[in-house]
Amino acid sequence: CLKELGKKTEALRFTAEAIQLFESSQDLSNDDISRLLISYNNLAVIYQEMGKVSLAEQAFQNALDLGDDPQFNVYRRLGKVHLDYARFQREQKNNDKAILYAHKAIRVILPNFEVQNLQNIPKQEDLFAENIFMEALSLKAGVLYDRYRSDSQPQDLREAYLCMER
């Protein structure tokens, strides 16, 4: 909330305090891990908006490492982290990494999804509120188009079109 009000310094302080609180706890539930993951992600986004690229990268990496731990079931939250990290990479002009993480977002929330087969997409009510799936496809298409414009690789334009056709 504070971030949206333009109070990034306060949002940064509260988010850092939340992370410290979670990290100092001995027994974290799966819900606590999910909140910690999102706190790292929020911290990264705040740093990104403040132009603190290396701190954003570090916070994203903390969220990704936590989300990749198989003992925790935080795949929906991890999908959001992958999507935000893909946006961050796009902003940094790291197109290959942006595409990779947009694809990872899709894979995390829809593990059986194949681009060639749209029959296995879950019902709309099964997709969660942020609609990460569509955002990730849109981001991937945009990055592929940007890469096509700079490198003139026809396969990037074709793949971008296929993403948007979905």
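The rules we used
- Residues numbered from 1 in each chain as written.
- Predicted model: local features only at pLDDT ≥ 70, side-chain atom pairs only at ≥ 80, totals over all residues.
- Heavy atoms only, no water.
- Phe/Tyr/Trp six-rings, centres within 6.5 Å; stacked < 30°, edge-to-face > 60°.
- Helix = DSSP H or I, 4+ residues; strand = E, 2+ residues; numbered from the N terminus.
- Buried < 20%, exposed > 50% of the residue type's maximum accessible area, 1.4 Å probe, protein only.
- Lys NZ or Arg CZ within 6 Å of the ring centre and 35° of its normal.
- Contact = heavy atoms within 4.5 Å.
- Expected span 1.5 Å × (residues − 1).
- Arc of directions from axis to C-beta.

Draft legend 1. Fine view of the packing of aromatic side chains. In the structure shown here, the tally under the stated rule is four aromatic pairs. Considering the side-chain rings of Tyr85 and Phe88, the 6.0 Å spacing of their centres and the 25 degrees angle between planes classify their relative orientation as stacked. Of this pair, Tyr85 and Phe88 both sit in helix H4 (residues 75–91), three residues apart, which is roughly one turn of that helix. Each member of the pair, Tyr85 as well as Phe88, carries the same accessibility label: buried. Above the ring of Phe14, the side-chain terminus of Arg13 is found at 4.6 Å from the ring centroid.

Draft legend 2. Geometry of the side chain of Gln48. Looking at the secondary structure, you find Gln48 in helix H2 (residues 30–49). Those residues in contact with Gln48 that sit more than four places away from it in its chain are Ala56, Phe60, Arg87, Phe88 and Glu91.

Draft legend 3. Molecular detail of helix H3 (residues 53–68). With 16 residues, H3 extends 22 Å between its outermost C-alpha atoms, agreeing within 8% with the 22 Å of an ideal straight helix rising 1.5 Å per residue. For H3, the set of buried residues is Ala56, Ala59, Phe60, Ala63, Leu64, Leu66 and Gly67. On an axial view of H3, the arc spanned by its buried residues comes to 165 degrees, and they lie on one face. Its buried side turned inward, H3 meets H2, H4 and helix H5 (95–109).

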